[in-house]
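What the coordinates show
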Amino acid sequence: MTIASSLEERTLQLREEGWVTVPGVFTGSQLDALREGLAIALDAARSEGQILFREGVDVNDRSVRVLHLLDQHPAFRDMVEYRTVRDLVSSVLGAHYLLSSLSANISLPGSESMGMHNDLMAVLPEPWLAPYGTNLFICLDDMDEENGATRYLPGSHRFTTNDMASDDDLRRTVPIPASAGSIVAMDGRLWHTSGANRSADRPRRILIAFYVASFIRTQYNWGALLPEPVKGALSSSLRQLLGLDEGNMGVRLGYAAFSGTKQGVDPHAH
Ligand SMILES: O=C(O)CCC(=O)C(=O)O
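These figures come from a predicted structure and were not determined experimentally.

Looking only at helices and strands, the chain features 8 helices and 9 strands. Since a compact globule built from 270 residues should have a radius of gyration of about 18 Å, the 18 Å found for the chain is in line with a globular shape. Along the first, second and third principal axes, the C-alpha set of the chain runs to 65 × 45 × 35 Å. Within the span of the chain, comprising 270 residues, buried residues form 39% of the whole. For the chain, the proportion of contacts with a sequence separation of at least 24, taken over those separated by at least 6, is 81%.

This next bit is on the nonpolar core. With 62 residues, the main nonpolar core has W19, I138, I183, A185, A209 and Y211 as its most contacted residues. Tallying contributions element by element places strand β9 (residues 204–213) first for this core, with 7 residues.

Neighbouring the ligand are N105, S107, D119, T150, H192, S194, I206 and I208. Looking at the shell around the ligand, the elements that each hand over two or more residues are β3 (97–107) and β9. When the residues that make up the shell around the ligand are grouped by side-chain class, the tally is 2 nonpolar, 5 polar and 1 charged.

Those residues of helix α4 (residues 83–93) that fall on the buried side of the exposure criterion are V85, L88, V89, S91, V92 and L93. Where α4 ends, the next residue or the one after it, G94, has phi of about 75°, a positive value.

Quick look at the pairing of strand β7 (residues 183–187) now. Side-chain positions along a regular strand alternate between the two faces of the sheet. Across the 5 residues that make up β7, a large majority, 5, are buried. Residues of β7 alternate between two faces, with I183, A185 and D187 on one and V184 and M186 on the opposite face, all of them buried. As paired strands, strand β1 (residues 19–22) and β7 are joined by 4 bridges and run antiparallel to one another. Note that in β7 the partner of T21 across the bridge is V184. When strand β4 (residues 133–139) meets β7, the two strands line up antiparallel, connected through 5 bridges. By the bridge assignment for β7, I138 is matched with I183.

Bringing the environment of V59 into the picture now. Inspection of the secondary structure assignment puts V59 in the loop between α2 (28–47) and β2 (63–66). With 17 C-beta atoms counted inside 10 Å, the residue V59 sits in the partly exposed group. Distance from V59 to T193, taken between C-alpha atoms, is 12 Å for residues 134 residues apart in sequence.

Rules used throughout
- Residues numbered from 1 in each chain as written.
- Predicted model: local features only at pLDDT ≥ 70, side-chain atom pairs only at ≥ 80, totals over all residues.
- Helix = DSSP H or I, 4+ residues; strand = E, 2+ residues; numbered from the N terminus.
- Rg over C-alpha atoms; globule rule 2.2 N^0.38 Å.
- Buried ≥ 20, exposed ≤ 12 C-beta atoms within 10 Å, placed from the backbone.
- Contact = placed C-beta atoms within 7 Å.
- Core = buried A, V, L, I, M, F, W, Y, C linked by C-beta atoms within 7 Å.
- Near = placed C-beta within 6 Å.
- Nonpolar A, V, L, I, M, F, W, Y, C, P; charged D, E, K, R; others polar.
- Pairing = 2+ DSSP bridges.

What follows is the structure in structure tokens.
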């Protein structure tokens, strides 16, 4: 597959294939800051006794999940707002979306593939008729098949119900290799999993930024989760991205009655 290089090409690939890789988004000091932020967040999670192995999601404790990042380092706040990131998200979700969660999966040698899933199922019951969510995987290390690159099932962003998936799917998945600093963006309907890390000594760290259409309830209750001093220092656009001020009152779903015109508007349009 050729690399989509313009926003239009990326939007098209996301629509047609259900995913796209954008190489080299974070480099140099930005990438270093994200890695530093993750190390700090991991230390904090350990010292607070947070559970890093998510039983029922991952197979063994070689998959280390860090669930709280946003308040741990400014690099994360900058990252979720970064222009390339927002352009990618808008290309799937349009203008009205929220950050549902921001976490990390550190896949250590010996980690196994988690269950096959799409990400919309975490926030929305089937049928999944439109890409009401998009997940961005921000690679902090090079990832390839050996160290557990994310794997996806081709064509599965067209599955609308759970029973369109089968036990055989994992075998038919394809890895998405990506270099450190790249973003792998996925349509929330695409079925995927983490790859097994078969390397001897190559951990694979990714940040997972999941964005949802703004009528969906976010996985994290940001208002309750973030410490007051952190919330107080957020930019207004970041407050909006986290749904801190308006609740769901900003949601209009595009219906004509709210637009003040007689023109019908497709509520599912993006
Ligand atoms: O770690 C990966 O490659 C994928 C993680 C994932 O799909 C998830 O946590 O939902």
